[in-house]
Amino acid sequence: MSRFWGQMFKSTNHQGYLKLIAWLKKSRLEKRLTVRQLGEMLDEPFQFVSKIENGQRNLSVHEYVQYCNALEIEAEVGLKILRK
């Protein structure tokens, strides 16, 4: 049995998750995309993007990768943000 050296956080209020979401939002804004435009790129309603950026909804790993691909940013950069 392996040892786990930390606590799992499932909340959208966790500091690392908030930094990750702030990075995603900053990336969207730097590309001058609206939530509506990003939603269209993801084939999701704009509320999907809005809820993620407002901390009302968690991203799954698969959704996170799709989000990064749509923004043309490296998912690995966001993972480094979580590790800090």
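Note: the structure precedes this text.
Summarised in this report is the structure supplied together with it. Since the structure is predicted, the reported quantities are computational estimates derived from the model, not experimental observations. (Residues numbered from 1 in each chain as written. Predicted model: local features only at pLDDT ≥ 70, side-chain atom pairs only at ≥ 80, totals over all residues. Heavy atoms only, no water.)

## Here we look at the packing of aromatic side chains
Here the distance between the centres and the angle between the planes together describe a pair of aromatic rings. Selection criterion: Here a Phe, Tyr or Trp ring, Trp counted by its six-membered ring, pairs with any other such ring whose centre lies within 6.5 Å, and the pair is stacked when the planes are under 30 degrees apart, edge-to-face when over 60, and tilted otherwise. Our definition puts a charge over a ring when NZ of Lys or CZ of Arg is within 6 Å of the ring centre and also within 35 degrees of the ring normal.
What the rule picks out here adds up to zero aromatic pairs. Lying over the aromatic face of phenylalanine 46, arginine 36 brings its terminal NZ or CZ to 4.1 Å of the ring centre.

## Quick look at the side chain of glutamate 63
Under the convention used in this document: Secondary structure elements are defined from DSSP: runs of H or I of at least 4 residues count as helices, runs of E of at least 2 residues count as strands, and each element is numbered from the N terminus. Buried means the residue's accessible area, taken with a 1.4 Å probe over protein chains only, is under 20% of the maximum for its type, while exposed means over 50%, and partly exposed covers the values in between. Whether two residues are in contact is decided by their heavy atoms: any pair within 4.5 Å suffices.
For glutamate 63, the location among the structural elements is in helix 4 (residues 61-71). Overall, glutamate 63 belongs to the buried group, its relative accessible area being 17%. Not counting the four nearest positions on each side in its chain, glutamate 63 is found in contact with Phe48, Arg57 and Asn58.

## Quick word on helix 3 (residues 46-53)
Keep this limit in mind: It is the directions from the helix axis to the C-beta atoms whose arc is reported.
Buried residues of helix 3: Phe48, Val49, Ile52 and Glu53, and no others. One side of helix 3 holds all its buried residues, which, seen down the axis, span an arc of 125 degrees. Turning to helix 3, the residues buried within the fold contact helix 1 (15-30), helix 2 (35-42) and helix 4. Immediately downstream of helix 3, the backbone of glycine 55 shows phi near 75 degrees, a positive value.

## As for the environment of glycine 78
In this fold, glycine 78 is placed in helix 5 (residues 75-83). Between the C-alpha atoms of glycine 78 and tyrosine 64, which are 14 residues apart in sequence, the distance is 9.3 Å. Residues within four places of glycine 78 in sequence aside, it is in contact with Leu20, Trp23 and Tyr64.

## Some points on the side chain of serine 27
Our working definition: Polar contact is the term for a pair of N or O atoms within 3.5 Å; when the atoms are in protein, one must be able to donate a hydrogen and the other to accept it, and sequence-neighboring residues count only if both atoms are side-chain atoms.
For serine 27, the position within the fold is in helix 1. Owing to a relative accessible area of 6%, serine 27 belongs among the buried residues under this scheme. There is a polar contact of 2.9 Å between the side chain of serine 27 and the backbone oxygen of tryptophan 23. Leaving out residues up to four positions away in the same chain, serine 27 has contacts with Leu71 and Ile73.

## So, the nonpolar core
A general tendency of soluble globular proteins is for nonpolar side chains to be buried together. Cut-off, in case you're wondering: Among buried residues, those of type Ala, Val, Leu, Ile, Met, Phe, Trp, Tyr and Cys that are joined through side-chain atoms within 4.5 Å constitute a nonpolar core.
Counting residues in hydrophobic clusters, the biggest one holds 20 residues, and the most contacted among them are Trp23, Leu24, Leu59, Tyr64 and Tyr67. Counting residues per element, the ones that place at least two in this core are helix 1, helix 2, helix 3, helix 4 and helix 5. Discounting chain neighbours no more than four positions away, the residues touching tyrosine 64 are Leu20, Trp23, Leu24, Leu59, Ala75, Gly78 and Leu79.

## What to know about the pattern of salt bridges
Two side chains with opposite charge may pair up if their charged atoms get near one another. As a reminder, the rule being used: Whenever a carboxyl oxygen of Asp or Glu lies within 4 Å of a side-chain nitrogen of Lys or Arg, that contact is scored as a salt bridge.
For the structure shown, the criterion picks out three salt bridges. With a shortest N-O distance of 2.7 Å, arginine 28 and glutamate 53 are connected by a salt bridge. Linking arginine 28 in helix 1 with glutamate 53 in helix 3, this pair joins segments that are 25 residues apart in sequence. Taken individually, arginine 28 and glutamate 53 each receive the classification buried, so the pair is uniform in this respect.

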